[in-house]
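Geometric and topological summary
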Amino acid sequence: MMKAPLSTEPSPRAAGALGEAALLRLLQLCSPALPIGAFAYSQALEPAVAAGWVCDEATAIDWISGLLEGSLTALDLPIVERLHAAWSANDVATVDDWTALLAASRSSRELQAEERHLGAALARVLDGVGIAEAAAWTARADVTYAAMFALAASRWGIPVAVALSAYAFVWCETQVSAAVRLIPLGQSAGQRVLSALSATIPACVVFARAVADHDIGAAAPSHAIASAVHETQYSRLFRS
């Protein structure tokens, strides 16, 4: 799987001022206890394990980091940054445009459904805690998790660089949780995998923030194939 060429140089934009209230909101947004059902999805990791592509700690790191660096960094994170800016400017038309692009970029029916389900669930949570704009998205067919995450980060005063790091960490943590159950990995091995992935997140954010509009996009053929196979896989633990 092709990986993005990541810079190892620290960025002056990598850290943002984060007040106590924003920090607590960020912890809430990233909590595994957030009632959106993310634990039910493996994002094609389940069929990758069934096929033997992912079978231990080393191959879990390889698979997840490949998607983090080659897909999330080139597609999701740049779009989340633009969604954050659009929400901050109350530019709903631009929110719609970037949301539509992200939804169209999901390469299988299951991945598209996951994006909608997580997005709608997060919209309901945000509506319930007083973010007014979220209410309109709870029933929209084109809702995405990324758009709702960016909305929360914008309204709660979470700087964009911090929001991108958090978004990437939540994605990694969800993948590691699935790997612990599927391979299976022990809890200590899972923490080693998460630590290895976390170490690459700052460089991923630097790279993502340098991606131009016309360069946004990613192709992960093995991921797409695994996800398509999962639609008809016999005996499944996860929804994607």
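The structure presented is a predicted model; accordingly, all values stated were derived computationally and were not measured. (Residues numbered from 1 in each chain as written. Predicted model: local features only at pLDDT ≥ 70, side-chain atom pairs only at ≥ 80, totals over all residues. Heavy atoms only, no water.)

Details of helix α4 (residues 92–105)
When the terminal C-alpha atoms of α4 are compared, their 20 Å separation across 14 residues agrees well with the 20 Å that a helix rising 1.5 Å per residue should span. Along α4, the residues classified as buried are V95, W98, T99 and L102. One side of α4 carries all its buried residues, which in axial view fall inside an arc of 105°. Residues D97 and A104 are exposed on α4 and point more than 90 degrees away from its buried face. Against α3 (57–88), α5 (109–128) and α6 (145–155) lie the buried residues of α4. (Helix = DSSP H or I, 4+ residues; strand = E, 2+ residues; numbered from the N terminus. Expected span 1.5 Å × (residues − 1). Buried < 20%, exposed > 50% of the residue type's maximum accessible area, 1.4 Å probe, protein only. Arc of directions from axis to C-beta. Contact = heavy atoms within 4.5 Å.)

Points about the environment of G19
Within the secondary structure, G19 is located in the segment before α1 (20–30). Sequence separation between G19 and G157 is 138 residues; the distance between their C-alpha atoms is 8.5 Å.

Details of α3
For α3, which comprises 32 residues, the first-to-last C-alpha distance of 40 Å sits more than 12% below the rise-based estimate of 46 Å (1.5 Å per residue). At L72, α3 shows its maximal bend, which comes to roughly 65°. Its side-chain oxygen 3.3 Å from the backbone nitrogen of A58, D56 forms the N-cap of α3. A positive backbone phi angle near 55° is found at N90, which sits one or two residues after α3. (Bend = angle between axes of the 7 residues up to and from the residue. Polar contact = N/O pair within 3.5 Å; in protein donor to acceptor, adjacent residues only side chain to side chain.)

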